[in-house]
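Fold and contact review
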Amino acid sequence: MNPWELLLDGIASGLDALHRTFEPLVGIHAWGWAIIALTVVIRLLLLPLAIKQTRSMRAMQSLQPRVKRIQERYKADRELLKRDPQKYRERKQKMNEEVMGLYREHHVNPAAGCLPLILQAPIFFALFRVLNDQELVLSGDTVAQQPFYVFSPLGEAAKADVWGWLLIVLMALTMFITQRQMTGRSTVEGPQAQQQKILMYVMPVFLALIAQSLPLGVLLYWVTTNLWQLGQQAVIKYEVQHHPGGPGSDDVRPAAGRPSSDGERRAPRGGKTARPRPSGDRSRPASTQRSAPDHLPRRRGTGGRRAT
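All values reported here derive from a predicted model rather than from experimental measurement.

**Describing helix H3 (residues 47–73)**
An ideal rise of 1.5 Å per residue puts 39 Å on 27 residues; H3 measures up with 38 Å between its terminal C-alpha atoms. Where H3 bends most, the angle comes to about 45°, and this point is Gln64, followed within four residues by the proline Pro65.

This is the structure:
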């Protein structure tokens, strides 16, 4: 049996087990609740990756000013490309090497933010396959033909009635809010920020058009995932704002005594930067280096005698 068939069997078995749990409580609507519960279980399994994604994003945001300095040092624009293509390629290569070196130095993986999404994709398609199978029978029921309150049977297209369209709108709306949350936390500027804004508005509309042909059970999975993501990101935002240095935050400082990849040196332990001593007598604390009050005679020379 290949991995795809194993995944299909796992999804079907999980739905069946959850259905038996909910059936005594909600009767014929147990299959819909089984889909929602399956979504929560999947999100819990992906939670360690989501935490890793959050830490990677926070570390990348902390490093963003230094990345900008590297980009400014090896500035390569279209004018340079037209004027000197060889120099443009050399600068680009050097800039990419230093940026990746900075990420490696602080153990930051730029691809970590995509892992939860990549791992969810096979589950999404497997659930689509299971719910779209009009002949799949679990616990004596044909899953695709089961109702869920006012909605169409789980295997039917969501555009079948008004309630299906309402679910499509809810899916698009929750996805838009989720994307807006992520864009609001991002420190990316310039063309990349503009691309993020375009995706924020275009993707929900595009997916709403696709969702018209999806089984209603898949939309239940999608809406539940978006609502989970909203809550997860709200918790992350609270942690970042109120406990920026708490447990789980990344230490993005380079090792002691080693210069960073863009020429900076780490501050001394404790987070304080060493300051030069004030000019004057360096053997005495600065607080004691005060001139004598005006009503007292001033000392002259090094013998400690008063002027007469």
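Additional details are given in the paragraphs that follow.
**A few points about the nonpolar core**
Judged by nonpolar contacts, the single largest core of 42 residues is most densely connected at Ile11, Leu15, Ile35, Leu127, Leu219 and Trp222. Counting residues per element, the ones that place at least two in this core are helix H1 (3–26), helix H2 (30–45), helix H6 (115–132), helix H7 (162–185), helix H8 (191–210) and helix H9 (216–242). Listed in part, the ten residues of the second largest apolar core include Ala59, Leu63, Tyr74 and Leu102.

**Some thoughts on the environment of Lys197**
Mapping Lys197 onto the fold places it in helix H8. For Lys197, a relative accessible area of 45% corresponds to the partly exposed category. For the pair formed by Lys197 and Gln179, sequence separation is 18 residues and the distance between their alpha carbons is 8.8 Å.

**Notes on unusual backbone geometry**
Of note in this structure, Ser139 is not a glycine but carries a positive phi near 55°. Positionally, Ser139 belongs in the loop between strand E1 (137–138) and strand E2 (141–142). For Ser139, a relative accessible area of 40% corresponds to the partly exposed category. Here the phi dihedral of Tyr149 falls at roughly 55°; this positive angle occurs in a residue that is not glycine. Examined against the element boundaries, Tyr149 turns out to sit in the loop between E2 and H7. When its relative accessible area of 42% is taken as the criterion, Tyr149 is described as partly exposed.

**Structural notes on the packing of H2 against H6**
Across the interface, H2 lies against H6 with an axial gap of 12 Å and an inter-helix angle of 160°. Regarding the angle of H2 to H6, the classification is roughly antiparallel. Judged by the sense of rotation from one axis to the other, the crossing of H2 with H6 is right-handed. Packed against H2, whose contacting residues are Ile35, Leu38, Ile42 and Arg43, the element H6 presents Gln120, Ile123, Leu127 and Leu131 at the interface. Grouping the amino acids of the contact of H2 with H6 by side-chain chemistry returns six nonpolar, one polar and one charged.

**A closer look at H1**
With 24 residues, H1 should reach 34 Å at 1.5 Å per residue; the first-to-last C-alpha distance of 33 Å fits that figure. In H1, a bend of some 30° at Arg20 exceeds every other bend along the element, and Pro24, a proline, comes one to four places later. Those residues of H1 that sit buried are Leu8, Ile11, Ala12, Leu15, Asp16, Leu18 and His19. On its buried face, H1 is in contact with H2, H6, E1 and E2. Directly beyond the C-terminal end of H1, a positive phi value near 65° is found at Gly27.

Thresholds, definitions, all that
Residues numbered from 1 in each chain as written. Predicted model: local features only at pLDDT ≥ 70, side-chain atom pairs only at ≥ 80, totals over all residues. Heavy atoms only, no water. Helix = DSSP H or I, 4+ residues; strand = E, 2+ residues; numbered from the N terminus. Expected span 1.5 Å × (residues − 1). Bend = angle between axes of the 7 residues up to and from the residue. Core = buried A, V, L, I, M, F, W, Y, C linked by side-chain atoms within 4.5 Å. Buried < 20%, exposed > 50% of the residue type's maximum accessible area, 1.4 Å probe, protein only. Axes fitted to C-alpha atoms, helices over the stretch in contact; angles between N-to-C directions. Parallel < 35°, antiparallel > 145°, perpendicular 65-115°, else oblique. Left-handed = near helix turned anticlockwise from the far one by under 90°. Contact = heavy atoms within 4.5 Å. Nonpolar A, V, L, I, M, F, W, Y, C, P; charged D, E, K, R; others polar.

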